[in-house]
Amino acid sequence: MSDHNISKLWGGRFEESIDEYVELFTASVNFDRRLYRHDIEGSKAHARMLAHAGVLSEKDCQAILEGLDKIQYEIEHDQFEWSVSLEDVHMNIEARLTELIGPAGKKLHTGRSRNDQIATDIRLWLRDEIDYLIAELVRVRKALLDLAEKEADTIMPGFTHLQVAMPVTFGHHLLAWYEMFARDSARLRDARRRVNVMPLGAAALAGTTYPIDRAYTASLLGFEGISTNSLDAVSDRDFAIESCSAAALIMTHLSRMSEELILWASAQFGFVELPDRFCTGSSIMPQKKNPDVPELLRGKTGRVNGDLINLLTLMKGQPLAYNKDNQEDKEPLFDAIDTVRASLHIFADLIPVIEPRRERMRMAAMQGYATATDLADYLVRKGVPFRDAHEIVGKAVRFAIEQKRDLSELTMNELQTFSSEIHEDVFDILTLEGSVSARSHLGGTAPNAVRARIDEARVMLSNE
Ligand code: ARG
C-alpha cells in the first residue's frame, strides 16, 4: 500500500509507523464509509454547537460547514479518495476537511471523540433505516388487507399439524399474517425511541471540559433524547441489538409466510399461483416453475438470526467503556438491515399478485372432514355432553371415510344411526359456509368478522 506512511491523525505519541498488515486489519473504512452522510450531518451539528457555545469562531464554523458540504459532494460524485491508512470514515473526512480549509478543519474534533461520534453515526443511520422499514411494512400490511378483503368469503382448510382441521376463510388466514406484521411495525417504532438518543458530548468516555450545549446539538439532529451517562453512551450497542432482533422477527414472519406460499404453489396443494415474473425455471427440467423468491426469503432468515447472535456475542464480554470490539457491530447490523429491507420490498410487490385458486382450496376443505367439530357442537346444543358428542362424530367420520364420502353427503337415515338427536337442520352446519359463518365473534374466521377486522385495521394504519 503506497499511502501507508501518511502520518496518522493520532500519530503524536508513536515512534514507528504502523505495521502494514495491522493497519489493514484494524481499518474499518471499507465498510463504515457508508455512514458518510450521517457522519457529516453529525459533524455539522457539532460545529454549529461549538460556535453557538463560543468555543469555535463563526468564521471557522462557516469554513467547516462549507468544507463538509464539499466533501459530501465529492463522495457522492465519486471524487473522494478513501484511504485505508486513514482507518475509518471519520478520519478520512477530517483529513480531507483540513486539506480543503486548512487549520480550521483541525478544530472540528474539539470536545468530541470518535467514540461518541461513531455511536452518533450509527444511531442516525439506523433511525433512517427504521423509518424505511416501517414504510415497507405499511406496504406489506396494506397489500394483505386488500387481498384479505377480496378473499373474505373464500373457503380454505385451516390446518393444525399440517392436517386439515376446520374450514377457515382465506381472508382470515391473510389477516393472521397482517397481525404479525402489525406487531413488527410496533416493535420497530418502539425500538426507534431508544435508537433516537444522542451520545454526542460523551466524548471518549468521561465527557468534556468545554462548555458544550448538548440540547442544542440534539435539536439540530432531531434526537428525542440525550444520553445521561457518558460511559454507557459510548459503549453499549443494545439499541442496535434490539433493532436487529426486531429485524429477525420480521424475517421469521416472512419466512413462515414463505413456507406456506411454497407449499401452496406446489401441484399437491395448488392453492395459489405465483406470477411467472416472480419464479424461475430449471436448467434441466423443462416443466419446472420454482418459487425462488419465498425460498430465498426463508433462507435469508438464517443470515439475520446469525447477525443477531453475532451482535449479542460481541457485546457480552465487554468491560466499560468503549472497546475496539465495537467496530465489529457494523457489518452484522448493515447485513441485517439490508436483508430485511430487500425482503420486505419484494414481499410488498409479491402479495398483490398472488393468485388464489379458490376451487382447489374449497375441494381441500371438503376432503378433510373439516366440519366434524361443527357436528359435535351441534349435538352439544341438542343436550349431548361434549365427550359423547366427540365419540359419536368420530364414528360417523370413520363410516364416511369407509364410504369415501363427506359428512355432508351422508343421508339423514345414515346420520341418525349415530345419534337420534340429529335432524334435518344438521345440513346447515355441515356446509363449509355454515361452519365459517358460525364463528363470527371478535377474532373469528367468519366473513363478517374478517371484514370488521379489515375496517378496524385500515383505521389503525391510517392513524400510525
Ligand atoms: N472505527 C471505530 C468504530 O467503529 C470508531 C471509533 C474508534 N475509536 C477508537 N478509539 N479507536 O467503533
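So, here is what we can say about the structure in this document. In this numbering scheme, every chain counts its residues from 1 along its sequence in written order. Only residues with pLDDT of at least 70 get local features here, since the model is predicted, and only at 80 or more are side-chain atom pairs given and counted; chain-wide, interface and lining totals rely on the full set of residues. To obtain the side-chain values, all non-hydrogen atoms of the structure were included, while hydrogens and water were left out.

## Points about helix α15 (residues 386-403)
Consideration 1: Starting at the N terminus, helices and strands are each numbered in turn, a helix being any DSSP run of H or I of at least four residues and a strand any DSSP run of E of at least two. Multiplying 1.5 Å by the helix residue count minus one yields the expected span of that helix. For α15, built from 18 residues, the straight-helix expectation of 26 Å at 1.5 Å per residue is met to within 8% by its first-to-last C-alpha distance of 25 Å.
Consideration 2: Where α15 is buried, its residues contact α14 (372-381).
Consideration 3: Positioned one or two residues after α15, Lys-404 has a phi angle of 55 degrees, which is positive. The contact definition used throughout considers only heavy atoms, calling two residues in contact when any of these lie within 4.5 Å.

## Quick notes on the layout of surface pockets
A water-sized probe, rolled over the atoms, reveals where empty space remains.
Consideration 1: For cavity detection a 1 Å grid was placed over the protein atoms alone, and a set of points counts as a cavity when a 1.4 Å probe fits there but cannot get out; an open set counts as a pocket when protein lies on both sides within 12 Å along at least five of seven lines, with lining residues being those that have an atom within 4 Å of a point. Grid points are joined across faces, edges and corners, and a volume is the space filled by probe spheres set on the points. Quantified by volume, the largest pocket comes out at close to 710 Å³.
Consideration 2: As for the largest pocket, its lining consists of 33 residues, and the residues nearest its centre are Val-168, His-172, His-173, Ala-176 and Thr-445.
Consideration 3: If you list the elements that add at least two residues to the lining of the largest pocket, you get β1 (155-160), β2 (163-169), α7 (170-195), α10 (238-264) and α19 (447-463).
Consideration 4: Of the residues forming the lining of the largest pocket, the biggest block, seven residues, is contributed by α7.
Consideration 5: Of the residues in the lining of the largest pocket, the class split is 17 nonpolar, nine polar and seven charged.
Consideration 6: When its volume is computed, the second largest pocket comes out at roughly 400 Å³.
Consideration 7: Asp-88, Met-91, His-109, Arg-114 and Asn-115 are the residues nearest the centre of the second largest pocket, which is lined by 20 residues in total. Throughout this entry, Asp, Glu, Lys and Arg are counted as charged residues, while Ala, Val, Leu, Ile, Met, Phe, Trp, Tyr, Cys and Pro are counted as nonpolar. The remaining residues, Gly among them, count as polar.

## Brief notes about the packing of α7 against α10
Consideration 1: What counts as an axis is a line fitted to C-alpha atoms, over the stretch in contact for a helix, and the angles between N-to-C directions run from 0 to 180 degrees. Interaxial distance between α7 and α10 falls to 8 Å at its minimum, and their mutual angle equals 165 degrees. Taken together, the axes of α7 and α10 lie roughly antiparallel to each other. α7 and α10 meet at a crossing whose hand is left-handed.
Consideration 2: Broken down by class, the residue content of the contact of α7 with α10 amounts to 15 nonpolar, three polar and six charged. Angles below 35 degrees are treated as roughly parallel, those above 145 as roughly antiparallel, those between 65 and 115 as roughly perpendicular, and all remaining angles as oblique. Crossing handedness follows the turn of the near helix against the far one: under a right angle anticlockwise gives a left-handed crossing, and clockwise gives a right-handed one.

## Things to note about the environment of Thr-445
Consideration 1: Along the chain, Thr-445 falls in the loop between α18 (432-437) and α19.
Consideration 2: Taking the C-alpha atoms as reference points, Thr-445 and Pro-167, separated by 278 residues in sequence, lie 8.7 Å from one another.
Consideration 3: Not counting residues up to four positions away in its chain, the partners in contact with Thr-445 are Pro-167, Val-168, Thr-169, His-172, Val-436, Arg-439 and Val-450.

## Regarding empty space enclosed by the protein
Consideration 1: Following the criterion strictly, the structure yields two cavities of 30 Å³ or more and no others.
Consideration 2: The calculated volume of the largest cavity comes to roughly 40 Å³.
Consideration 3: Breaking the lining of the largest cavity down by element, the ones donating at least two residues are α3 (36-52) and α8 (214-221).
Consideration 4: In terms of residue class, the lining of the largest cavity is built from three nonpolar, four polar and two charged.
Consideration 5: What the second largest cavity holds in volume is close to 30 Å³.
Consideration 6: Forming the walls of the second largest cavity are Lys-8, Trp-10, Ile-18, Glu-23, Thr-26, Ala-27, Val-84, Ser-85 and Glu-87.
Consideration 7: A per-class count over the lining of the second largest cavity returns four nonpolar, two polar and three charged.

## Comments concerning the pairing of β1
Consideration 1: At least two bridges found by DSSP between two strands is the condition for calling them paired. One ladder, built from six bridges, connects β1 with β2; its direction is antiparallel. Across the sheet, the residue bridging to Met-156 is Val-168, located in β2.
Consideration 2: Hairpin connection from β1 to β2: two residues lie between these consecutive antiparallel strands, with His-161 at a positive phi of about 55 degrees.

## Some details on the packing of aromatic side chains
Consideration 1: The rule is short: rings of Phe, Tyr and Trp, with Trp giving its six-membered ring, pair when the centres are within 6.5 Å, and they are stacked under 30 degrees, edge-to-face over 60, tilted in between. Per the counting criterion, the structure on display carries nine aromatic pairs.
Consideration 2: Between Phe-269 and Phe-271, the aromatic rings sit 5.3 Å apart at their centres with planes inclined by 85 degrees, giving edge-to-face as the arrangement.
Consideration 3: Each residue in the set Phe-159, Phe-170, Trp-177, Trp-264, Phe-269 and Phe-271 is aromatic and connected to the rest through ring pairs, giving one cluster.
Consideration 4: We count a charge as sitting over a ring when the NZ of a lysine or the CZ of an arginine lies within 6 Å of the ring centre and within 35 degrees of the ring normal. Positioned above the aromatic ring of Phe-14, the side-chain terminus of Arg-13 is 5.7 Å from the ring centre.

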